[in-house]
Structure formats: structure tokens, C-alpha cells
Amino acid sequence: MPTEPTPPRTGRLWRNTLTIYAKELRDALRDRRTLISMIVVPTLVMPVIMLVAGTVATRIVRKAQAEASPIAILAGADSAAVVAELRADSRFRVVETPDYRGAIADKRIRAAVAIPAGFEGALARGEPATVTLYHYESELRSGMGVGALEDFFRQLRDRTVERRLVAQGLPAALVRPFAVKRENVAPPEKVGGNLVGGFIPYLIILLCFAGAMYPAMDLTAGEKERGTLETLLCSPVPRTAIVLGKFLTVLTASLTTMLCSFLSMAGSFVVGTRMLLGPGGAALPGHAMPAIDPLGVAGVVALIVPVAVLFSALLLGLSLLARTMKEAQSYVSPLVLVIILPAMMGMLPGVELDAKLALVPILNLSLACKEMLSGVWHWHYIALIFASTVVYAAAALAGAVALFRREAVLFRT
Amino acid sequence: MIEARQLTKVFRDRKRGAIRAVDALSLRCAPGRIYGLLGANGAGKTTALRLLATLLQPTSGTAAVAGYEVTEAPQRVREQVGFLAASTALYGRLTAREMVCYFGRLHGLPEAELAGRLQRLADELEMHAFLDRRCDALSTGMKQKTSIARTLIHDPAVMIFDEPTLGLDVMAARAIVQFVRRCRDRGKTVIYSTHVMSEVEKLCDTVGIIHNGRLVAEGTLEELRGRFGERDMEEIFVKAVGGEAEHHAD
């Protein structure tokens, strides 16, 4: 009785894997849903959202800055000069309202100022007095209004001090023995890295996962549901080749999604900053135009590959457990939260890369990407992250292969 | 040649415990013969055929298919088997040509040989009109022809059919029956499961009646008629499986 002579030769395994990969890829490229999730959404929708949101936000801020802040003044008749000066200031539009707290909360006015009784007399006598400013914390327009009021009273205070010094026959520079000024030494890519370094890895991790989700479910649970998995299992191809072929397809989709979104984000970043800030960042006087270190970008792409392998293998294995696409969605959807949490933690200020965090999947990538995009290269951590992620990815892939050998999983009824 | 020896498959279910889907099944089918496996729904036909096609592994017992043991050389067995079931579907986004060629490549056929075989199958099954149409746009009959071409592209010595006419209209079902006969005429070993009595009468050289995973009766049509004293296959079936099966068959 003849028996199977040897395990399948590597050459045959790879030939079968590539045959399956080529077929799955062709199949996927003919599927409108895969094309939309893999290419259209990351390429078109993301930049459109970014540009629309960016344009709207910039317009709102500019409009709010250009408009005079409606404010309420609570003052007695004995502060007529200050009130008149406030009314004359083009930054303010004084509104009469008895309920200033309600008016601020309802956004009818941005802020209110309470000038104590006998304020001008106290200033003249050199007695202390307190002006109270009312505002709505964390509300953009209220913040602008109260900021302008603070500026107004700071200038009034400075003028009062100067007057008093002159009256005493002292130089005005007495209270300002020296000046303080700031100068930026951070290179533009460091500024850019810090600005977007936390956000980009978060977005890439999510897109990498999202790109793998649909094909992973379609190639496993979807095939079970349509009855094509049984057809494929009838062929003499080793199960390992089937898993590898499908896995390579999911990985390709994941990386394509990531690359499409990456390129379109980079494009919309360049176009967007020019559109919104003008060439050379003219709208940011005194600030360097933010830039991203290209080497950092290359580093992010290199580190994302093993994470994409991990996601693809995990999603493939998890979806295989399901009988239908619907069931697979219910397994995979909660995993999005598991991915988002460490990816978001990397965005938090103060969370820095160390040897322990370098072993935490996803969080390690998020932190390393933040550093690399700002031009900081901790090679030992990067090596640790790469090695640990490769180990996790290999384990996930081995798990997927093991699941494909379990008939209870393949023929679940 | 197919030879099953005490083939047993036990499924473990959390609620129902151990289920003996196939229980010590022994059967033999020679080249150029059709063995009909007749049973009600849930009798164990599909599990038995999946064991022979090596989609499932037996809990105990074994079977030799085209000279290879299912437990020891499952890949070799699959190289020799064409498996067609109502549950083996086509890839909707591939064309009929791509579907058949894909399985030819998975069987390791060189491209030149593959093209020749596809040509012959397309001639024989009259597939040329729809070879380059996507499978999801094909009629039921065209899909069935494509599935047949898929099972035959590697010219298997053994054909396993699991209720292949399920859900088909009369014409498509007739085409399948004719195709099964042609397989026998070409000297292939054919095993055919069904719960349609008329198909058994038309096709099978040997009939095995399976109930609750066990083979309860076996023989040629004439032998069974003689043993049970009935002409009608349905009456033979009911007598063979007893009162319980009558309930199932209803």
C-alpha cells in the first residue's frame, strides 16, 4: 500500500501558495467592496475629510479672530473712563445684559468684566483693586474674548505703573530691568514630528487593521458561507499553502490600504498647509513651516510591516472561527477597541518608550513612530520592537495555520 | 477502487455529547462501478463521503482510495479524487475558464496540458459559450457543468458525488445522471450518495443503505429486491431502516 512518501516539498508548497495568492488577489480586485475599503476610502475619503475639516476649522477660527468679541461690562458710574476706553476698543462690542453668566453659557457674549466700585479712584490713589473676568473654560470664542480683555487690562496696568513712576520722577524701565524673548531652535521636522508624530502612527495602525478586516473575513467566513472553502479543501494542496496564500492576500490589502492612505495623507498635508497657511507657512509668523523627516517615514513603514503581518494573521484566524460574514463581524469588531486603546496611549503626552513598553504590541509601534518622525532614533528599542513584533506575528500566523488544520473549525455547523 | 474498513467518525458536541455520525462503515467499490449510498437526511452520507475525500479524518477505521490510505496519505488521495457536492460551490468572481484552470494548477498540471484538457472538457460539456463569463452570472445548468469540469480537470480515478442533484431542476439533474454514467463507462470508481430513490434505481450497480451512521443493507438492486421481497426501492429502503427511518424519510 503506497503511503505519503515525504512531507510536501518547499518548492511545491510555495508554488501552491503563489497559485492561491494570485487567484485570491484577482478575486479581491474584482470585488467592489474590497476595492472601496482598500483603495478608494484611504486614497480619497481621508484627504477629503482632512481638507474639509481643516478648511472649516480654519475659517471658523479666522472668523472668530476677526470679529469683535461681544462682552458685558459690570461697572459703576465711577469707572466711566475705563468703560469708555473698552467701548472704543475695536476688539470689543459691548452688550447690555443683566444675566451675564447665562449670556456667556448661551454664547450670546464671549466674556464679561466686573470692575469694582471706585476702581478709577483706587487707581488714582494707588490703592489695590481687583478686576474679575468671567469666561467659559475650554470654549474657543470665550477664550478669545477673555484673552483680549486680559490684554486690555494688562496694558492699562502697564500704563498706570508708567504714570506712577514718571510722577515719582523715576524711569519707566525701572520695573523692566531686562527683556525676555523666545527663539525656536527646533528644526522644522522636529516641530512637524511633535505636531503629527502622535497622530500619524495612530491613524496608520487603524488603517492597517481596517484594510485587513474585510478581506480576512471574506476569505474565511465568507468562503464558508458561499461553500467555496469546501471546494478548495478538495484539492490536494496542503492546508499550510491555503493559509499562506490567503494570508498574503490579506497582508497585501492591509499594506495597500496603509500605503494609499499614507501617500494621500502626505499629499493632502502638503497641499492643505499651502492652501490654509499660504506658501512657506506665512500665516504662522515666527514659526517654522512644519516638516516630516523622510527617514522617519521610512522607519515607520518598516516597523508597520510586522504589525500588518500580526493583524492579518490574527484577523484570518479569528474570522475562520465564524460560519458567516455576520458572525465574523461580531468577532472582529470588538478587536478594533483592543487595537485603538494602545494606539491612543501612544498619543498621550508623557508616555515615553522604554524597554518594557517596547514589548507591548501596537503601543510600542505608536511610541517608536512618534520618536522616529521627530528624528529621534533609539536603535536598541527599535530592534526590540521589530523582533518582538516579528515573534508575535509568527505566533499569530502559526495559530492561523493550526486553526486551518482543525476540522471542527473548518466544518463548523 | 474504494475500500472502507470499519470507518468511524465521532463528533463531540457540548450539548449532545459524542455523536457517531459514521459507525464502523465498511464498503467496497471497484473501478467501472457505481456504488450508491442511500440514506435519509442526517444518516451520515455526507460525513462518510467527506471521510473518503479526506476532508475529515476518521476517529477509527480507515479506507483505501485509489490505492492510498486516507489516514496516511490524504494529499495523494485528493490527487486521485474528484469530489462534487451540492455544498461545493464556484468562485463567483472567477470566469468558468479561470475556475477550472485554478483547480488544474492546484493539482499541479503544467499549463500546456491544462489548456488541452480544458479544451476537451469544454467540447464534451458544451461550455464554450460561457467559458469566459463569471460564475455568478451563469445559470444553474452552466454552473453544474463548470463544477463537473472542475472535478474532472485532473482526470481522477475516483469520483465522489454527494447529493449532486440537490436543488437542481429536472434537466440539470438529468445531465448529472448522464455524466455519472459516463464516468462509470470510462472505468472510474464512482460513489454516489442520494436520498432520491429513482436515481439509485437508474444508476447504481451496488446500493448501500445507511442509517444512523451504520450500513444496514448492501447489495445489487436485484439482491436487495430478493432479500426484502419488494420491487420498489422506497419500500426496500423503509424495510431496511425500520420504523424509525420512516419518520426520518417523511
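Residues numbered from 1 in each chain as written. Chains lettered and ligands numbered in written order. Predicted model: local features only at pLDDT ≥ 70, side-chain atom pairs only at ≥ 80, totals over all residues. Heavy atoms only, no water.

1. Quick look at the overall build of chain A
Then comes step 1: The number of helices and strands found in chain A is 15 helices and four strands.
Then comes step 2: Across the 413 residues of chain A, 45% fall into the buried class.
Then comes step 3: Residue pairs in contact within chain A that sit at least 24 positions apart in sequence constitute 75% of those at least 6 positions apart.
Then comes step 4: Accessible surface for chain A amounts to roughly 20900 Å². Of this, 66% is attributable to carbon and sulfur atoms. (Helix = DSSP H or I, 4+ residues; strand = E, 2+ residues; numbered from the N terminus. Buried < 20%, exposed > 50% of the residue type's maximum accessible area, 1.4 Å probe, protein only. Contact = heavy atoms within 4.5 Å. Areas by Shrake-Rupley, 256 points an atom, 1.4 Å probe, with all protein chains shown as cover.)

2. Overview of the overall build of chain B
Then comes step 1: Looking only at helices and strands, chain B has nine helices and 10 strands in total.
Then comes step 2: Against the 2.2 N^0.38 benchmark of 18 Å for 250 residues, chain B shows a C-alpha radius of gyration of 18 Å, consistent with a compact globule.
Then comes step 3: Oriented by its inertia axes, the alpha-carbon framework of chain B measures out at about 50 × 40 × 35 Å.
Then comes step 4: Across the 250 residues that make up chain B, the buried fraction comes to 56%.
Then comes step 5: Taking contacts inside chain B between residues at least 6 apart in sequence as the whole, the part at least 24 apart equals 65%.
Then comes step 6: Approximately 10500 Å² of chain B is accessible, and the part contributed by carbon and sulfur atoms is 46%. (Rg over C-alpha atoms; globule rule 2.2 N^0.38 Å.)

3. Some remarks on helix H3 (residues 96-106) of chain B
Then comes step 1: For H3 of chain B, the tally of buried residues reaches nine of 11 residues, placing the bulk of the element in the interior.
Then comes step 2: What H3 of chain B keeps buried is the set Ala96, Glu98, Met99, Val100, Cys101, Tyr102, Phe103, Gly104 and Leu106 of chain B.

4. What to know about the sheet that holds strand S4 (residues 60-65) of chain B
Residue and element names in this part refer to chain B.
Then comes step 1: Taken in spatial order, the four strands of this open sheet run S2-S1-S4-S5, and their pairing is antiparallel. The sheet is open, and its two edges are formed by strand S2 (17-29) and strand S5 (68-69), each paired on a single side.
Then comes step 2: Across two bridges, S4 lies against S5 in antiparallel orientation. Across the sheet, Val65 pairs through a bridge with Tyr68, a residue of S5.
Then comes step 3: Running over the sheet, helix H1 (residues 45-52) touches strand S1 (2-13), S2 and S4 and is turned about 120° from S1. (Pairing = 2+ DSSP bridges. Axes fitted to C-alpha atoms, helices over the stretch in contact; angles between N-to-C directions.)

5. Description of the domain arrangement of chain A
Then comes step 1: When cut into domains, chain A gives domain 1 (10-49 + 188-410) and domain 2 (67-174).
Then comes step 2: One C-alpha centre belongs to domain 1 of chain A, the other to domain 2 of chain A; they are set 54 Å apart. (Domains from an automatic or database assignment.)

6. Structural notes on the environment of Phe311 of chain A
Residues and elements named next belong to chain A.
Then comes step 1: Inspection of the secondary structure assignment puts Phe311 in helix H11 (residues 294-320).
Then comes step 2: Considered as a pair, Phe311 and Ala80 are 231 residues apart in the sequence and their alpha carbons are 69 Å apart.
Then comes step 3: Those residues in contact with Phe311 that lie beyond four places of it in its chain are Ile205, Cys208, Phe209, Ile339 and Ile362.

7. Details of the interface of chain A and chain B
Then comes step 1: Chain A puts 33 residues into the contact, and the matching count from chain B is 36 residues.
Then comes step 2: Counting each side, the surface lost to burial between chain A and chain B is near 3300 Å², with a carbon and sulfur contribution of 53%.
Then comes step 3: Between Glu407 of chain A and Lys9 of chain B there is a salt bridge, with the nearest N and O atoms lying 2.1 Å from each other.
Then comes step 4: If you look at where chain A meets chain B, you find 15 residue pairs in polar contact (both at pLDDT 80 or more).
Then comes step 5: Elements represented by at least two residues in the side of chain A that touches chain B include exactly helix H1 (10-29), helix H8 (199-226) and helix H9 (228-233) of chain A.
Then comes step 6: The leading source of residues in the side of chain A that touches chain B is H1 of chain A, at eight residues.
Then comes step 7: Classifying every residue of the side of chain A that touches chain B by side-chain character gives 12 nonpolar, seven polar and 14 charged. (Buried area = accessible area lost by both parts, 1.4 Å probe. Salt bridge = Lys/Arg side-chain N within 4 Å of Asp/Glu carboxyl O. Polar contact = N/O pair within 3.5 Å; in protein donor to acceptor, adjacent residues only side chain to side chain. Nonpolar A, V, L, I, M, F, W, Y, C, P; charged D, E, K, R; others polar.)

8. Things to note about the confidence of the model for chain A
Residue and element names in this part refer to chain A.
Then comes step 1: Scored by pLDDT, chain A has a mean of 85; 90% of the residues are at 70 or more.
Then comes step 2: Within the model, pLDDT remains below 50 along residues 1-7, and this stretch shows 15 contacts once partners closer than five positions in the same chain are excluded.
Then comes step 3: Throughout residues 281-286 the model reports pLDDT below 50, and contacts reaching past four residues in sequence, or to other chains, amount to five contacts. (pLDDT = per-residue confidence, 0-100.)

9. Brief notes about the environment of Thr252 of chain A
Residues and elements named next belong to chain A.
Then comes step 1: As for its placement among the helices and strands, Thr252 is situated in helix H10 (residues 239-277).
Then comes step 2: Note: C-alpha distance between Thr252 and Ala179 (73 residues apart in sequence) is 58 Å.
Then comes step 3: Setting aside residues up to four positions removed in sequence, Thr252 forms contacts with Tyr21 and Leu25.
Then comes step 4: In terms of polar contacts, Thr252 uses its side chain to reach the side chain of Tyr21, at 2.7 Å.

10. What to know about unusual backbone geometry
Then comes step 1: A positive phi angle is found at Ile362 of chain A, which is not glycine, with a value near 70°.
Then comes step 2: Mapped onto the elements, Ile362 of chain A comes out in the loop between helix H12 (325-345) and helix H13 (363-373).
Then comes step 3: Not every positive phi belongs to a glycine, and Asn212 of chain B is a case in point at roughly 50°.
Then comes step 4: Along the chain, Asn212 of chain B falls in the loop between strand S9 (206-211) and strand S10 (214-219).
Then comes step 5: Taking the relative accessible area as the measure of exposure, Asn212 of chain B reaches 39% and is therefore partly exposed.

11. As for the side chain of His107 of chain B
Then comes step 1: Summarising the element assignment, His107 of chain B is placed in the loop between H3 and helix H4 (111-125).
Then comes step 2: Leave out the neighbours within four places in its chain, and His107 of chain B touches Ser235 and Pro236 of chain A together with Arg78, Glu79 and His154 of chain B.

12. Side note on the sheet that holds strand S8 (residues 189-194) of chain B
All names here are of chain B.
Then comes step 1: Within the open sheet, the six strands sit side by side as S6-S7-S8-S3-S9-S10. Their pairing is mixed. The sheet is open, and its two borders are formed by strand S6 (81-85) and S10, each paired with just one other strand. Ignoring strand direction, the axes of neighbouring strands in this sheet form an average angle of 15°.
Then comes step 2: Note: strand S3 (residues 34-38) against S8, five bridges, orientation parallel. When the sheet's bridge partners are listed, Tyr35 is paired in S8 with Ile191.

13. Let's talk about the pairing of S2 of chain B
All names here are of chain B.
Then comes step 1: In the sheet, S1 pairs with S2 via nine bridges, with the strands oriented antiparallel. Looking at S2, one finds that Ile2 is bridged to Cys29.
Then comes step 2: In this structure, the hairpin formed by S1 and S2 is closed by a connection of three residues.

14. Considerations on the nonpolar core
Then comes step 1: If you look at the biggest cluster of nonpolar residues, it comprises 160 residues, and the most contacted ones within it are Leu52, Phe83, Ile160, Phe161, Val207, Ile209 and Met233 of chain B.
Then comes step 2: Leu86, Val146, Leu149 and Phe153 of chain A belong to the second-largest nonpolar core, a separate cluster that totals 18 residues. (Core = buried A, V, L, I, M, F, W, Y, C linked by side-chain atoms within 4.5 Å.)

15. Thoughts on the environment of Glu67 of chain A
All names here are of chain A.
Then comes step 1: Checked against the element boundaries, Glu67 lands in the loop between helix H2 (32-66) and strand S1 (69-74).
Then comes step 2: You can call Glu67 partly exposed: its relative accessible area is 37%.
Then comes step 3: For Glu67 and Arg412, which are 345 residues apart along the polypeptide, the C-alpha to C-alpha distance reads 66 Å.
Then comes step 4: Here the side chain of Glu67 touches Arg110 through a polar contact of 3.2 Å, side chain to side chain.

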